[in-house]
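# Reading the structure
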Amino acid sequence: MRVRRLKKHPAALEISAFLNLIVVLVPFLLSTAVFTRLAVVDMSLPAQSTGAAEQLQVDNLKLEVVIRPDAIEVGDRIGGLIQRIANTSDNQPDVVALNGLITQIKLKFPDQRDASVLAEPNTPYDKIVHVMDAVRTTHHKEGHQIVRNDLFPDIAIGDAPVVRKP
């Protein structure tokens, strides 16, 4: 009896669709990876008030910067409001006036490094960042160089206290 055998052809892999995907995907991933930069800011939550024991430390500043829709309120957690800085004419925070006030406060409390930035729930993110930058550092020109000085670099972020209307 005769045995009939089938002729087997070697199987070919069809990888042209995969190569097309790689040709498109690799340059896209490389181009986005090169231009992506992330900035990380270390922050912490404000500490809870301890009540009467905290009031014994009168010389210790607990700086709070509260971002309101129409102004920025700079104050001490213990001593109360220091100054209210109204927004500019285009309803943006007056970060130049804020930075000047924070610089004056830093001169009175040179060893203090922490501050709290408190914002209302609907505050835009860029507004919070501008206020944090004004509280964190100041820049001034010395000769032909711009010098950066730290004011209150350890910033805690939180929710602004609710204003009660009479």
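As shown above, the structure is provided for reference.
Quick look at the structure, then. (Residues numbered from 1 in each chain as written. Predicted model: local features only at pLDDT ≥ 70, side-chain atom pairs only at ≥ 80, totals over all residues. Heavy atoms only, no water.)

### Here's the deal with the overall build of the protein
To be explicit about the condition: The helix and strand labels rest on DSSP assignments: H or I over at least four residues marks a helix, E over at least two residues marks a strand, and numbering proceeds from the N terminus. Remark: exposure states derive from per-residue accessible area (1.4 Å probe, protein chains only) relative to the maximum for the residue type, with buried under 20%, exposed over 50%, and partly exposed in between. Contacts were defined at the residue level, with two residues in contact if any of their heavy atoms lie within 4.5 Å. Using a 1.4 Å probe, accessible areas were evaluated by the Shrake-Rupley method; residue-level cover was limited to the displayed protein chains.
Helix and strand counts for the protein stand at four helices and seven strands. Listed by position from the N terminus, the elements making up the protein come as α-α-β-β-β-α-β-α-β-β-β. The 166 residues of the protein split such that 28% are buried. Here the contacts in the protein between residues at least 6 apart in sequence split such that 58% fall between residues at least 24 apart. For the protein, the accessible surface area stands at approximately 13000 Å², while carbon and sulfur atoms represent 58% of it.

### Quick word on unusual backbone geometry
With phi around 60°, N91 is a residue other than glycine that occupies positive phi space. Note on placement: N91 falls in the loop between β3 (80-86) and α3 (95-108). With relative accessibility at 46%, the residue N91 sits in the partly exposed group.

### Observations regarding the pairing of strand β5 (residues 137-142)
The test is simple: Criterion used throughout: strands pair if DSSP finds at least two bridges between them.
In terms of strand pairing, β5 meets strand β6 (residues 145-150) through six bridges, oriented antiparallel. Looking across to β6, one finds that E142 is bridged to Q145.

### Side note on the packing of aromatic side chains
Applicable threshold: Note on aromatic pairs: the rings of Phe, Tyr and Trp (six-membered ring only in Trp) are paired at centre separations within 6.5 Å, and the planes decide the class, stacked below 30 degrees, edge-to-face beyond 60, tilted for the rest. We call a charge positioned above a ring when the Lys NZ or Arg CZ atom is no farther than 6 Å from the ring centre and deviates by at most 35 degrees from the ring normal.
Within the structure shown, the criterion is met by zero aromatic pairs. Just above the ring of F152 sits the side chain of K106; from NZ or CZ to the centre is 5.1 Å.

### Section: the sheet that holds strand β7 (residues 154-159)
Hydrogen bonds along the backbone pair up the strands of a sheet, which may run parallel or antiparallel. Stated precisely, the cut-off is as follows: Axis definition: a line fitted to C-alpha atoms, over the contacting stretch in the case of helices. Angles run 0 to 180 degrees between N-to-C directions.
Pairing is mixed across the open sheet formed by five strands, whose spatial order is β3-β2-β1-β4-β7. Every other strand in the sheet has two partners, leaving β3 and β7 as the edge strands with one partner each. Averaged over neighbouring strand pairs, the angle between their axes works out to 20° when direction is ignored. Bridge analysis of strand β2 (residues 71-76) against β3 gives six bridges, and the strand direction is antiparallel.

### Some details on helix α4 (residues 125-136)
As a reminder of what qualifies: To estimate the expected span of a helix, count its residues, drop one, and scale the result by 1.5 Å.
For α4, which comprises twelve residues, the first-to-last C-alpha distance of 16 Å matches the rise-based estimate of 16 Å (1.5 Å per residue) to within 8%. Those residues of α4 that sit buried are K127, I128, V131, M132, A134, V135 and R136.

### Concerning the nonpolar core
Soluble globular proteins tend to pack their nonpolar side chains together in the buried interior. Applied cut-off: Buried Ala, Val, Leu, Ile, Met, Phe, Trp, Tyr and Cys residues form a nonpolar core when they are joined through side-chain atoms within 4.5 Å.
In this structure, V74, L98, I102, V135 and F152 are the most contacted members of the largest nonpolar core, which totals 22 residues. Looking at this core, the elements that each hand over two or more residues are β1 (63-67), β2, α3, β4 (114-119) and α4. The dominant element in this core, judged by the number of residues it contributes, is α4, at five residues. Residue contacts for V135: discarding those within four places in its chain leaves V65, L98, I102, A115, L151, F152 and I155.

### A closer look at the pairing of β4
In terms of residue burial, β4 counts as a mostly covered element, since five of its six residues are buried. Across six bridges, the pairing between β4 and β7 is parallel. By the bridge assignment for β7, V117 is matched with I157.

### What about the side chain of N87?
Stated precisely, the cut-off is as follows: Each polar contact in these results corresponds to two N or O atoms within 3.5 Å; when the atoms are within protein, one needs to be able to donate a hydrogen and the other to accept it, and residues that are neighboring in sequence are counted only if both atoms are side-chain atoms.
Take N87: it is sitting in the loop between β3 and α3. In terms of polar contacts, N87 uses its side chain to reach the backbone carbonyl oxygen of P69, at 2.9 Å. Contact partners of N87, with chain neighbours within four places excluded, come to P69, D70, A71, Q92, P93 and K127.

### A look at the packing of α3 against α4
The following threshold applies: Angular relationships are summarised with four words: roughly parallel below 35 degrees, roughly antiparallel beyond 145, roughly perpendicular across 65 to 115, and oblique for the angles in between. Less than a right angle of anticlockwise turn of the near helix away from the far helix marks a crossing as left-handed, whereas a clockwise turn marks it as right-handed. The nonpolar class holds Ala, Val, Leu, Ile, Met, Phe, Trp, Tyr, Cys and Pro. Asp, Glu, Lys and Arg form the charged class, and all remaining residues, Gly among them, are polar.
Their axes nearest at 8 Å, the elements α3 and α4 cross at an angle of 30°. For the element pair α3 / α4, the angle class is roughly parallel. Classified by chirality, the crossing of α4 by α3 is right-handed. On α4, the residues that touch V95, L98, N99 and I102 of α3 are H130, V131, A134 and V135. When the residues that make up the contact of α3 with α4 are grouped by side-chain class, the tally is six nonpolar, two polar and no charged.

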